[in-house]
Number of protein chains: 2
Amino acid sequence: MGVTIKDIARMANVSTTTVSRVINNKSEGVSESTRKKILDLVKEFNYQPNALARGLVTKKTKTIGLIIPDISNPFFPDIARGVEDSANDYGYNVFLCNTDEDLHKESEYINALKEKYVDGIIFTLASIPKYEHILDLIKSGIPVVMMDRFIESKDIKGVFLDNLEGGYIATKHLIDLGHRKIGCITGPLHTKTSIERYEGYQKALMDANITLDKSFVVESNYKMDGGMKAAEELLREKKITSIFACNDLMAYGAYKVIKACEYKIPQDISIVGFDDILISQMLETQLTTIKQPTYDMGATAAKMLIDMIEGKKVRKKIVSFKPQLIIRQSTCAIDRR
Amino acid sequence: MGVTIKDIARMANVSTTTVSRVINNKSEGVSESTRKKILDLVKEFNYQPNALARGLVTKKTKTIGLIIPDISNPFFPDIARGVEDSANDYGYNVFLCNTDEDLHKESEYINALKEKYVDGIIFTLASIPKYEHILDLIKSGIPVVMMDRFIESKDIKGVFLDNLEGGYIATKHLIDLGHRKIGCITGPLHTKTSIERYEGYQKALMDANITLDKSFVVESNYKMDGGMKAAEELLREKKITSIFACNDLMAYGAYKVIKACEYKIPQDISIVGFDDILISQMLETQLTTIKQPTYDMGATAAKMLIDMIEGKKVRKKIVSFKPQLIIRQSTCAIDRR
DNA sequence: CTGAAAGCGCTAACAC
DNA sequence: GTGTTAGCGCTTTCAG
């Protein structure tokens, strides 16, 4: 559909090689006059190089894949936006792939992306701890950057949040406010992120010489209803004065239960979440939470990937982002009770 | 990187033609034995066809482009998910492109997608009423499906929400509850969607024999702060008893102002929004609103596009989705005041 | 039922 | 400075 490099060459009375040289700016050895002639023709006939043909010979497509669990999960749009913006800056396009954490879909996407010769892939793994296929992928030579969910392996590169630090500062904030009986609603404890946040909680307690009471810890599912159930359990004569929920959705579930029980937030019970999703600042009592720099994480992952693709030295194999405590209205000092 | 059709052909002692036939299931004329031999080899060596080479000759890439303003706008992730799911069902991959409603970026993406030979493009236009480039694109022959934002043109195909109906049922709901003094916070009135929602409001009033009071109508910007300003204006001795905000973000802005003024929702002022974004059901007083079937719209757009690509008869050129009234807690009958 | 040959549109040695 | 040639990996006539 349209004019090819041959057409331009014929009209300019030059070879395709020469045309190729100028459209790729490898025009060291092209006279200014033929250069201009070609450029004029290109503009006049709106010549657009066929990326398939080009890719077939160069083995580069200026295309990357982004594989995530689910773009409609509020955690991912900002990441995706960061990735796409960076990619776009470097002239790359991005394939969006939603896996629903399904390993089969994950493999299918990997195959499709390989067939389409993407230059690299950014990955947020399924939380299931199974990733031989990823390791194989990396060994096959295609640049891969992991995001958010870590893999134990020497040759992994990636962008992660310091979840331990996040759990730590969330809990420390509560401790600094005078709380001693701090409940913890964790995510599923077979995932690294959940474990780390929980470890952060434990470390903060330890540093403050507070003994861990396991009955204050409830494992949940990162969902709202899970947060509700967990809060019901914690409220059952545990006498806790505060809760650290390992994500905002669960914090919101807890929030609803607490308010339904006629407790006041933060006077009766302080609560801190994790993620800083949009709703957190829209609640009646705005949620104190731990913010992840999602956009930056996406943007950094894409930059890193493209550096790898273009053979630049990638200094840091692992970039660790620091979470940030956002103090809002759902926490207060215990002596204000 | 890896084994090609030639390798398979050599190992099977057949021509590449034959291999091509079996991997593309055009194997009418291939004996069962060679067929099996080839399939075994394909599996053994994990042969993956090179999509670039294939696309170069077939002019088809099993790839579509999705051009939207901004994936981090909560309205779009569900749409994108619908698009991607449908595409995936048919074996297509999707390029994600964020334009920020910038016409220049829009054109750049169109060019890039054409160079990469996408089979079709799904579009949510910038709201600026300028779209010659889209019309050109369509004339160039590449299948295009519009989404959400309409263009006046015979040969347009697309998927839209019946925004007039949406404005109508929102307003009618208020009228049915006994309200007569109904404020309206519109979006920017140079966009078709905004105009239509506003027209729906007017039509509902007219059908109920309520005279339109223009002082009850405030044009705003679809953003939260715009909703706040508009609400402040409406609250200034207009004596309205209810507000129809043309999206949830503005409704939320109004909500905050109303509560800040110590009015009660819905007893003093009823409010209905539009979109049903996640936060609407998370507010202290859950928001009555108009829901758009975003996922379905995306999924339908992709199906439509792929049907066009694959030459199937597309019965409906325009699919109009009906909005749905979601009654929650922010509206009540006027006599309960 | 199978293969030979041409060609998609481009880039990359290499030669002049 | 510029052109010739080969070839990327595949599909598609056309012939047998």
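- As recorded in an unreviewed UniProt entry, chain A goes by the name Transcriptional regulator, LacI family, listed as coming from Maledivibacter halophilus.

## Thoughts on the overall build of chain A
Then comes step 1: Looking only at helices and strands, chain A has 12 helices and 12 strands in total.
Then comes step 2: Expected size for 337 residues packed as a compact globule is a radius of gyration near 20 Å; at 26 Å, chain A overshoots this value by more than 25%.
Then comes step 3: For the C-alpha atoms alone, the extent of chain A along its principal axes is close to 90 × 40 × 35 Å.
Then comes step 4: The burial tally for chain A puts 55% of its 337 residues in the buried class.
Then comes step 5: In chain A, the share of contacts with a sequence separation of at least 24, taken over all contacts with a separation of at least 6, comes to 71%.

## Notes on the sheet that holds strand E7 (residues 217-219) of chain A
Residue and element names in this part refer to chain A.
Then comes step 1: The parallel open sheet is built from 4 strands, whose spatial order is E7-E6-E8-E9. Every other strand in the sheet has two partners, leaving E7 and strand E9 (270-272) as the edge strands with one partner each. Neighbour to neighbour, the strand axes of the sheet diverge by 15° on average, direction disregarded.
Then comes step 2: Where helix H8 (residues 163-176) meets the sheet, it contacts strand E6 (182-186), strand E8 (242-245) and E9, and its direction lies at approximately 170° from that of E8.
Then comes step 3: Here helix H11 (residues 248-260) sits on the sheet in contact with E6, E8 and E9, set at roughly 160° to E9.

## Looking at the domain arrangement of chain A
Then comes step 1: We note that the domain assignment places domain 1 (5-49), domain 2 (61-161 + 294-321) and domain 3 (163-292) within chain A.
Then comes step 2: Just the C-alpha atoms count here: the centres of domain 1 of chain A and domain 3 of chain A sit 63 Å apart.

## Examining helix H4 (residues 51-58) of chain B
Then comes step 1: Along H4(B), the residues classified as buried are B:Ala51, B:Leu52 and B:Gly55. Taken end-on, H4(B) shows its buried residues confined to a sector of 100°, consistent with a single buried face.
Then comes step 2: The inward-facing, buried residues of H4(B) abut helix H4 (51-58) and helix H6 (103-115) of chain A.
Then comes step 3: N-cap assignment for H4(B): the residue whose side-chain oxygen lies 2.7 Å from the backbone N of B:Leu52 is B:Asn50.
Then comes step 4: Directly after H4(B), the chain includes B:Lys59, whose backbone phi takes a positive value near 65°.

## As for the environment of A:Val217
Residue and element names in this part refer to chain A.
Then comes step 1: Its location among the elements puts Val217 in strand E7.
Then comes step 2: Taking the C-alpha atoms as reference, Val217 lies 10.0 Å from Ala245; in sequence the two are 28 residues apart.
Then comes step 3: Beyond its immediate stretch of four places on either side in the chain, Val217 contacts Cys184, Thr186, Tyr198, Tyr201 and Leu212.

## Observations concerning the pattern of salt bridges
Residue and element names in this part refer to chain B.
Then comes step 1: On inspection of all chains with the given rule, the structure shows 33 salt bridges over all chains.
Then comes step 2: The shortest N-O distance in the salt bridge between Lys62 and Glu310 comes to 3.9 Å. In this pair, Lys62 sits in the loop between H4 and strand E1 (63-68) while Glu310 sits in the loop between helix H12 (294-309) and strand E11 (318-321), placing the two residues 248 residues apart along the sequence.
Then comes step 3: Taking the relative accessible area as the measure of exposure, Lys62 reaches 38% and is therefore partly exposed.

Procedures and definitions
- The written sequence of each chain sets the order in which its residues are numbered from 1.
- Written order determines the labels here, with chains lettered from A and ligands numbered from 1.
- Given that the model is predicted, a residue must reach a pLDDT of at least 70 before its local features are reported, and side-chain atom pairs must reach 80 or more before they are shown or counted; all residues, however, enter totals for whole chains, interfaces and linings.
- Values reported for side chains reflect all heavy atoms of the structure, with hydrogen atoms and water molecules removed beforehand.
- Strands are runs of DSSP state E lasting at least 2 residues, helices are runs of H or I lasting at least 4, and numbering of each runs from the N terminus.
- To get the radius of gyration, use the C-alpha atoms; to get the globule rule, take the number of residues to the power 0.38 and multiply by 2.2 Å.
- A simple rule labels every residue: compare its accessible area, found with a 1.4 Å probe on the protein chains alone, to the largest value its type can have, and call it buried under 20%, exposed over 50%, or partly exposed in between.
- We call two residues in contact whenever any of their non-hydrogen atoms come within 4.5 Å of each other.
- In this description, strands pair whenever DSSP reports at least two bridges between them.
- Between N-to-C directions, angles span 0 to 180 degrees; the directions come from axes that are lines fitted to C-alpha atoms, helices contributing only their stretch in contact.
- Marked domain ranges trace back to an automatic or database domain assignment.
- Summarising the geometry, the arc corresponds to the directions from the helix axis toward the C-beta atoms.
- Distance and chemistry together define a polar contact, namely a pair of N or O atoms within 3.5 Å, with one atom able to donate a hydrogen and the other to accept it when in protein, and with adjacent residues in sequence counting only for side-chain atoms on both sides.
- Take a side-chain nitrogen of Lys or Arg and a carboxyl oxygen of Asp or Glu: if they are within 4 Å of each other, that pair is a salt bridge.

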